[in-house]
Amino acid sequence: MALTGCETSLSRFPGQENAAGDSKIPSVIYYRRDGTVHSVGAEAAAPGMDLVAEDEDLVFVEWFKLHLRPSTLDSGEIRRSELPPLPEGKAVLDVFADFMRYLLSCTERYISETHANGASLWASVKDHIDFILSHPNGWEGLQQGKMRQAAVMAGLVPDTADGHGRIHFVTEGEASLHFCIRGGLASDVIVDGKNVMIVDAGGGTVDISSYSFVSTGPLSVEEIAPADCIMQGSTRINVRAERFLKEHLKESAYGNEEDIKAMLDYFDKSTKLIFKDGNEKSYVKFGSMGCNDPRVKIRRGQLMLSGVEMESFYKPSLDAIVDTIQGQRQKASKPVSTVFLVGGFAASPWLFGNLQCTLQSLGLSLFRPDSHTNKAVAEGGVSSYLEQFVSTRVIKTTYGIEFSRDYNKRDATHLARRSAKIVRPSGRVVIPGAFSAILTKV
């Protein structure tokens, strides 16, 4: 979010009072049965919320952003039909709007509480705010249009030409590039003619983009390959872990839905975050000290996972990332030798270590920031609006218009479509449905 006259980054949201500096919240919402919002983000993920949800019959929504993705991003890993359903009576834009509305209210509260004259500051800018909405590399104009519509529904801007003009979009790859530049990570490679690749590994997607530093004074950057987006973010680790647990524990007393849910919660918040070596065992806590089943390696309320089992959750994502990096490297118009890894998934010791080792064997050097990598898109998005380093982008789709071409009886393709020919009032004979390219993809 860019505010007139200043740049600010939220360092906490409601429910994160003890986690200052963690400026990102999970994209989850609890709805009441009447469709009203009960809690969002960190508040919806707070300890004990599962009990509250059970008592109040709340509906939990997650991964809702993926409902908006283009069908071209459907894959063997995750299909639209496999996504958690939206609440009854709620379309994906309704959920987007509810989430955006919450973010706006949190922003107002944060500014009002952290500035001496916060309330008056907010009142002076609230009707002139420019909003920068980031999205995965694979999203296109249709998805941007729907996000703009959700922003209007959320009350971020009015449904006018001026209001629509205050909504701006940036790909997560480009935002991450700005984050690396602003954070100093790219200082050693910001020289004329140097090329870099950005791997933004998030929760749902991994976005991969390649850029060339055309000039350093002033700084000018060009995209040198079509950006890629794959559905191999950190949530896929959880999905594979869940599949494994259901199969592994199907004959155990602890293979019930409640225990598996408790295991997955601990896995996501602890086990997954510290796993770094396939030679080490990992543990998932659940239940009490009295929970034991040696047949499935459960002892004193802890499930033991071997390094091989843990790596089976991660390896498909690693392989897909490496394949995409190699593919983009081949498509790039200039050679790339440096890769920056950012995003929440970048904090995984196993992913970083194994990706670094694999890329090194391919002649690529991998680096990642030592700061909050989950803030890369948020902070880089604001930087992209204020500084706009990227001057040239590579389109992935050919754009053009439909028109009618003069009929040529000597053209075999025209003869094959002669039944469709039209005689204009002027006597001109044409074949409709021709395509004229305005911008052609590389």
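Please read these numbers as outputs of a predicted model, since none were measured by experiment. (Residues numbered from 1 in each chain as written. Predicted model: local features only at pLDDT ≥ 70, side-chain atom pairs only at ≥ 80, totals over all residues. Heavy atoms only, no water.)

Draft legend 1. Layout of the overall build of the protein chain. Helix and strand counts for the protein chain come out as twelve helices and 18 strands. For the protein chain, the spread of C-alpha atoms along the principal axes amounts to about 90 × 55 × 50 Å. Across the 442 residues of the protein chain, 45% fall into the buried class. Within the protein chain, contacts between residues separated by at least 24 positions form 66% of all contacts whose residues are at least 6 apart in sequence. Only carbon and sulfur atoms are counted for the fraction: they give 51% of the accessible area of the protein chain, which is about 22,200 Å². Charge separation in the protein chain, taken as the distance between the mean sites of 49 positive and 54 negative side-chain charges, equals 7 Å. (Helix = DSSP H or I, 4+ residues; strand = E, 2+ residues; numbered from the N terminus. Buried < 20%, exposed > 50% of the residue type's maximum accessible area, 1.4 Å probe, protein only. Contact = heavy atoms within 4.5 Å. Areas by Shrake-Rupley, 256 points an atom, 1.4 Å probe, with all protein chains shown as cover. Lys, Arg positive; Asp, Glu negative; His and termini not counted. Charge placed at Lys NZ, Arg CZ, Asp CG, Glu CD.)

Draft legend 2. Region of the structure containing the side chain of Glu-309. Note on placement: Glu-309 falls in helix 9 (residues 307-331). In this structure the side chain of Glu-309 is engaged in a polar contact, spanning 3.1 Å, whose partner is the side chain of Lys-297. From its side chain, Glu-309 meets the backbone nitrogen of Ser-306 in a polar contact 2.9 Å long. Beyond its immediate sequence surroundings of up to four residues, Glu-309 is in contact with Phe-244, Lys-297 and Met-304. (Polar contact = N/O pair within 3.5 Å; in protein donor to acceptor, adjacent residues only side chain to side chain.)

Draft legend 3. Region of interest: the sheet that holds strand 1 (residues 28-31). The three strands lie next to each other as 2-1-3, forming an open sheet whose pairing is antiparallel. Edge positions in the sheet fall to strand 2 (37-40) and strand 3 (59-62), since each of these pairs with one other strand and no more. Going from strand to strand, the sheet's axes swing by 20° on average, the running direction of each strand aside. Summarising the sheet, strand 1 and strand 2 pair through three bridges and their orientation is antiparallel. If you follow Ile-29 over to strand 2, its bridge partner there is Val-40. Along the sheet, helix 1 (residues 49-56) makes contact with strand 1 and strand 2, crossing strand 2 at roughly 170°. Packing of helix 2 (residues 92-114) onto the sheet brings it into contact with strand 1, strand 2 and strand 3, and relative to strand 1 it is tilted by some 105°. (Pairing = 2+ DSSP bridges. Axes fitted to C-alpha atoms, helices over the stretch in contact; angles between N-to-C directions.)

Draft legend 4. Focus on the layout of surface pockets. Computed from the structure, the second largest pocket encloses a volume of approximately 620 Å³. Contributions of two or more residues to the lining of the second largest pocket are made by strand 4 (131-135), helix 4 (141-153), strand 5 (167-171), strand 7 (206-216) and helix 11 (376-387). Top element by residues in the lining of the second largest pocket is strand 5. It accounts for four residues. Residues that form the lining of the second largest pocket fall into these classes: ten nonpolar, ten polar and five charged. (1 Å grid on protein atoms, 1.4 Å probe; cavity = no way out; pocket = protein on both sides within 12 Å on 5 of 7 lines; lining within 4 Å. Points joined across faces, edges and corners; volume = space filled by probe spheres on them. Nonpolar A, V, L, I, M, F, W, Y, C, P; charged D, E, K, R; others polar.)

Draft legend 5. Just the pairing of strand 6 (residues 195-201), in detail. Judged by how many residues are buried, strand 6 sits mostly within the fold: seven of seven residues are covered. Here strand 6 folds back onto strand 7 in antiparallel fashion, the turn holding four residues. Where strand 6 meets strand 13 (residues 338-342), five bridges bridge the pair, whose relative direction is parallel. In the sheet register, Val-199 faces strand 13, and the bridge partner there is Leu-341.

Draft legend 6. Geometry of the packing of helix 9 against helix 10 (residues 349-361). Where helix 9 contacts helix 10, the two axes come as close as 10 Å, and the packing angle between them is 40°. In this view, helix 9 runs oblique relative to helix 10, as classed from their interaxial angle. Pair helix 9 / helix 10 crosses with right-handed handedness. Mapping the contact onto sequence places Glu-311, Tyr-314, Lys-315, Leu-318, Ile-321, Val-322 and Ile-325 in helix 9 and Trp-350, Leu-351, Asn-354, Leu-355, Thr-358 and Leu-359 in helix 10. Looking at the contact of helix 9 with helix 10 residue by residue, the classes come out as nine nonpolar, two polar and two charged. (Parallel < 35°, antiparallel > 145°, perpendicular 65-115°, else oblique. Left-handed = near helix turned anticlockwise from the far one by under 90°.)

Draft legend 7. How the structure looks around empty space enclosed by the protein. Tallied over the entire structure, the rule returns one cavity of 30 Å³ or more. Within this model, the largest cavity holds a volume of roughly 40 Å³. If you go around the largest cavity, the residues you meet are Ala-241, Phe-244, Leu-245, Leu-264, Phe-267, Val-284, Leu-305 and Phe-313. Broken down by element, the residue count for the lining of the largest cavity peaks at three residues, all from helix 7 (residues 235-248). Classifying every residue of the lining of the largest cavity by side-chain character gives eight nonpolar, no polar and no charged.

Draft legend 8. Molecular detail of the sheet that holds strand 11 (residues 298-299). Spatially, the three strands line up as an open sheet ordered 10-12-11, and their pairing is antiparallel. Of all the strands in the sheet, just strand 10 (282-285) and strand 11 have a single pairing partner and so form its edges. Packing against the sheet, helix 8 (residues 257-274) makes contact with strand 10, strand 11 and strand 12 (302-305), and its axis sits at approximately 130° to strand 10. Each of strand 10 and strand 12 is contacted by helix 9, which is oriented at about 80° to strand 12, the strand it contacts most.

Draft legend 9. The arrangement of the nonpolar core in detail. In this structure, Met-263, Phe-313, Ile-325 and Leu-355 are the most contacted members of the largest nonpolar core, which totals 47 residues. Those elements giving two or more residues to this core turn out to be strand 6, strand 7, helix 7, helix 8, strand 12, helix 9, strand 13 and helix 10. Of the residues forming this core, the biggest block, eight residues, is contributed by helix 9. When near neighbours in sequence (up to four residues on either side) are disregarded, Leu-355 contacts Leu-318, Ile-321, Val-322, Ile-325, Leu-341 and Leu-366. Membership of the second largest hydrophobic core comes to 35 residues, among which are Val-40, Met-100, Ala-154 and Ile-167. (Core = buried A, V, L, I, M, F, W, Y, C linked by side-chain atoms within 4.5 Å.)

Draft legend 10. Inspection of the pairing of strand 10 at higher detail. Burial of the side chains of strand 10 is restricted to one face: Ser-282 and Val-284 are buried, whereas none of Tyr-283 and Lys-285 on the reverse face is. Examined bridge by bridge, strand 10 and strand 12 share four bridges and lie antiparallel to one another. The partner of Lys-285 across the bridge, within strand 12, is Gln-302.

Draft legend 11. Inspection of the pattern of salt bridges at higher detail. One pass over the structure, following the stated rule, counts 16 salt bridges. A salt bridge links Lys-250 to Glu-247, with the shortest nitrogen-to-oxygen separation between them at 2.8 Å. (Salt bridge = Lys/Arg side-chain N within 4 Å of Asp/Glu carboxyl O.)

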